[in-house]
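Chain residues, written in single-letter form:
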Amino acid sequence: MPSTELRATVAEQWRRLPGPFPRLRVGFSGGLDSTVLLHVLAGLREELGFVLSATHVSHGLVAGAEVWGEHCRAVCAGLHVPFEALGVQVDRRHPGGLEAAARDARRRALSPSGDDALVVLAQHRNDQAETVLFRLLRGAGVKGAAGMRSFAPGGEGGAVWRPLLDVPRAALLAYAQGHGLGWIEDPSNEDEAFSRNFLRLRVLPLIATRFPSATASLARSGRLFDEGAGLLDELADMDLARLRLADGRYGVEPARALSGSRLRNVLRRLLALAGETLPDEERLCELERQFRLPSAMEGWRGELGGVAVCVYRAAWWVERRRTGDAPEACLWTGQASLSWCGASLQFLATRGEGLAAARLLAGRCELRRRGGGERMALQPGGSSRSLKNLFQEAGVPPWLRAGLPLLWVDGQLAWAAGVGVAAAFRCPPGEAGILPQWTGAA
């Protein structure tokens, strides 16, 4: 691929972006691939009208790598490209291994919160083939084997563009040599202890001796897997639309009427939308089995990473896992909000609703978690009833009840999250009231 053709390829891809993206930030390692990418984009910025910058992320995993940042700085100075170098901490306990941990750390560094720059990465066709083969060998399904996308829309980590994904590495090498570019050779790329290095250095060259087009074929398979994954997502969205209840949750019985593969597809979709790494087949099948148990409707919660699939009575949903334990007790002295069980408990000033402000401000107010045996009357003149029964009638799932905040005034239960205000403490019409609201409630 001549250098003019490479420039034209990148320019055409930029014009097809669902932008506008006036600011581009190249993830610049200083290696061959990112050096070529930066050089091409620097030559196109005036023609295409974008602002270009580069960021070098140092993981601290390779001895002597601290000098790479200075090389990158010098390259950027020669191209008149604004440059920054960032150091990151890599989680060595990452479930995906050290390589995945380094990628995640780099991704976060390149897309700081609130920044609208389009991150541009230099993965090429050989990288795509390596990724697809690696994922297939790990038993990935259609979605997992889809490989990398040329453009990934903004999410928690911001939008990413990979303009070289259909370009073979040989074309990048020819471009660099033709323009006299210098680059860094990372010695860790030769370490076959890393699985992806082993595939790139040993397996793919061997395959190419029998199948010369293997790299292009694997990359094309990745695109086809991605197309199939998109269709599965469309099917899941249609199923979810049919299952959705008026309150935004989903119906249990219609979900159980789906075939196993279709229900698992729905679960994968919701987990992906929640930003979770998809579980392996065995874990997902076990999740489906428990979901289908008749006893699940009495209250079931299957945790996966940072979320949980929840079933209660006729509804099910996916929620974030709560962090933080409810304290034994704490005083409320009139503050507008306080933290409870990892969520915010707010006290809103009202008139004619909630708790009577005069009763609260004149008494000793204490927040406690449930201890068992609590009772309260919701209707004036009505008998007190157990909090357990009130929770059941209000549809509060069993796993939430132990952590719900209860407000006691002078030793009497005045309010319970998920249930409401005791009759004796109800605010009279037209008078000042206080309405507690807990954001952790389901």
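Residues numbered from 1 in each chain as written. Predicted model: local features only at pLDDT ≥ 70, side-chain atom pairs only at ≥ 80, totals over all residues. Heavy atoms only, no water.

Caption draft 1: Representation of the pattern of salt bridges within the structure. What the rule picks out here adds up to 25 salt bridges. In this structure, Glu303 and Arg301 form a salt bridge, with 2.7 Å as the shortest nitrogen-oxygen distance. Take Glu303: its relative accessible area is 35%, and that puts it in the partly exposed class. Residue classification places Arg301 among the partly exposed positions, given a relative accessible area of 22%. Arg301 is the salt-bridge partner of Glu319, the closest N and O atoms lying 3.1 Å from each other. Highlighted residues: Glu319 in strand E10 (residues 315–320) and Arg301 in strand E8 (residues 300–304), separated in sequence by 18 residues. On the accessibility criterion, Glu319 (10% relative accessible area) is buried. Each of Lys143, Asp233, Asp237 and Arg269 takes part in a single network of salt bridges with overlapping partners. (Salt bridge = Lys/Arg side-chain N within 4 Å of Asp/Glu carboxyl O. Buried < 20%, exposed > 50% of the residue type's maximum accessible area, 1.4 Å probe, protein only. Helix = DSSP H or I, 4+ residues; strand = E, 2+ residues; numbered from the N terminus.)

Caption draft 2: Broad picture of the sheet that holds strand E9 (residues 307–312). The sheet built from 4 strands is open, its strands ordered E7-E10-E9-E8 with antiparallel pairing. Only two strands of the sheet have a single partner each, and these edge strands are strand E7 (250–251) and E8. Sheet analysis places E9 next to E10, joined by 6 bridges and oriented antiparallel. Across the sheet, Val309 pairs through a bridge with Val318, a residue of E10. On the sheet, helix H10 (residues 260–273) packs against E7, E8, E9 and E10 and is oriented at approximately 30° with respect to E10. Strand contacts of helix H11 (residues 281–292): E8, E9 and E10, with the helix running at about 170° to E8, the strand carrying the most contacts. (Pairing = 2+ DSSP bridges. Contact = heavy atoms within 4.5 Å. Axes fitted to C-alpha atoms, helices over the stretch in contact; angles between N-to-C directions.)

Caption draft 3: Molecular detail of the packing of aromatic side chains. Applying the stated criterion across every chain yields a total of 7 aromatic pairs. On the basis of an interplanar angle of 35° and a centroid distance of 6.1 Å, the ring pair of Trp317 and Trp399 is categorised as tilted. With Trp317 in strand E10 and Trp399 in helix H14 (residues 398–401), the pair connects residues that are 82 residues apart, well separated along the chain. Residue class for Trp317 comes out buried when judged on its relative accessible area of 8%. (Phe/Tyr/Trp six-rings, centres within 6.5 Å; stacked < 30°, edge-to-face > 60°.)

Caption draft 4: Spatial organisation of the packing of helix H2 (residues 32–48) against helix H3 (residues 68–79). Closest axis-to-axis distance for the H2/H3 pair is 11 Å, and the angle between their directions is 25°. The angle between the axes of H2 and H3 places the two elements in the roughly parallel class. You can see that H2 and H3 cross each other, and the crossing is right-handed. For the pair H2 and H3, the contacting residues are Leu38, His39, Ala42 and Arg45 in the first and Val75, Cys76 and Leu79 in the second. Taken together, the residues that form the contact of H2 with H3 break down as 5 nonpolar, 1 polar and 1 charged. (Parallel < 35°, antiparallel > 145°, perpendicular 65-115°, else oblique. Left-handed = near helix turned anticlockwise from the far one by under 90°. Nonpolar A, V, L, I, M, F, W, Y, C, P; charged D, E, K, R; others polar.)

Caption draft 5: Here's a closer look at H11. For H11, built from 12 residues, the straight-helix expectation of 16 Å at 1.5 Å per residue is met to within 8% by its first-to-last C-alpha distance of 17 Å. Burial in H11 covers these residues: Leu284, Leu287, Glu288 and Phe291. Seen end-on, H11 carries its buried residues on one side only, within an arc spanning 100°. At its buried positions, H11 is contacted by helix H9 (252–256), H10, E8, E9 and E10. (Expected span 1.5 Å × (residues − 1). Arc of directions from axis to C-beta.)

Caption draft 6: Spotlight on the side chain of Asp233. For Asp233, the position within the fold is in helix H8 (residues 214–243). Using a relative accessible area of 11% as the deciding quantity, one classes Asp233 as buried. Not counting residues within four places of it along the chain, the set of residues in contact with Asp233 comprises Lys143 and Arg269.

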